[in-house]
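Descriptive structure summary
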Amino acid sequence: FPGSGHSPRLIPRTVWVLGADTIVVVGRQILGKPRSLAEAERMLRRLSGTTHRVITAVALVRVNPARPGAGARGARPPWHRVRHAVSRVTMRRLTPAEIRRDARRHRDKAGGYAIQAKDSVVTRVDGSRTNVVGFPKEVVLPLLRRLARIDHLVFEGPAGGALHKGVRIF
């Protein structure tokens, strides 16, 4: 990349970037990742006993690192596709102790909870479970199939356990 000390022949002609982000929507309120323990507790109290939506947006972008100005004003933007998935999630009513516990454990998750936890507070998912994890394979696979023959994605957690954002492509 420019300024990195690599010679131009080592720069790939095309780089693919795949990104995803998830929000939780309850009523008209949008919940992202909590910024503090207190905010995580507020989110979990708000979600407790509700059915809400989990929305994950996925973007696939092709960039040409050999042409750093390709995204400049007036230039043709890079090829990209943006898709999203929506799932309806029902959470059981939580006790104050569960709210305190989960707020500490899942502060890095939209809405302050994780469906892949062993003691998940989710009782029902209408739609994609992998969307609720934060990486909807039903959206990602069709995007990636445009690039290469990919038969399936395996979502692995620690020691091959529960669903996680780690991805292996076969």
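This text follows the structure it describes.
The following paragraphs examine the structure supplied in this document. (Residues numbered from 1 in each chain as written. Predicted model: local features only at pLDDT ≥ 70, side-chain atom pairs only at ≥ 80, totals over all residues. Heavy atoms only, no water.)

**Some remarks on empty space enclosed by the protein**
With a probe scaled to a water molecule rolled over the atoms, the places where space remains empty come into view. Counted under the stated rule, the structure contains 2 cavities of 30 Å³ or more. Computed from the structure, the largest cavity encloses a volume of approximately 190 Å³. Around the largest cavity, the lining comprises 17 residues; the ones closest to its centre are Thr22, Lys109, Ala110, Val132 and Val133. Listed by contribution, the elements that provide at least two residues to the lining of the largest cavity are β1 (15–26) and α3 (129–133). Top element by residues in the lining of the largest cavity is β1. It accounts for 4 residues. Roughly 40 Å³ of volume is contained in the second largest cavity. Residues that form the lining of the second largest cavity fall into these classes: 4 nonpolar, 2 polar and 4 charged. (1 Å grid on protein atoms, 1.4 Å probe; cavity = no way out; pocket = protein on both sides within 12 Å on 5 of 7 lines; lining within 4 Å. Points joined across faces, edges and corners; volume = space filled by probe spheres on them. Helix = DSSP H or I, 4+ residues; strand = E, 2+ residues; numbered from the N terminus. Nonpolar A, V, L, I, M, F, W, Y, C, P; charged D, E, K, R; others polar.)

**What to know about the pairing of β1**
When β1 meets strand β3 (residues 51–63), the two strands line up antiparallel, connected through 11 bridges. Bridging from a neighbouring strand, Val24 pairs with Val54 of β3. Two strands pair when backbone bridges link them, and β1 and strand β2 (residues 29–31) are joined in this way by 3 bridges, in the antiparallel orientation. For Val24, the partnering residue across the bridge sits in β2 and is Leu31. With antiparallel pairing between neighbouring strands as the criterion, β1 and β2 make up a hairpin whose turn holds 2 residues, including Gly27 at a positive phi of roughly 65°. (Pairing = 2+ DSSP bridges.)

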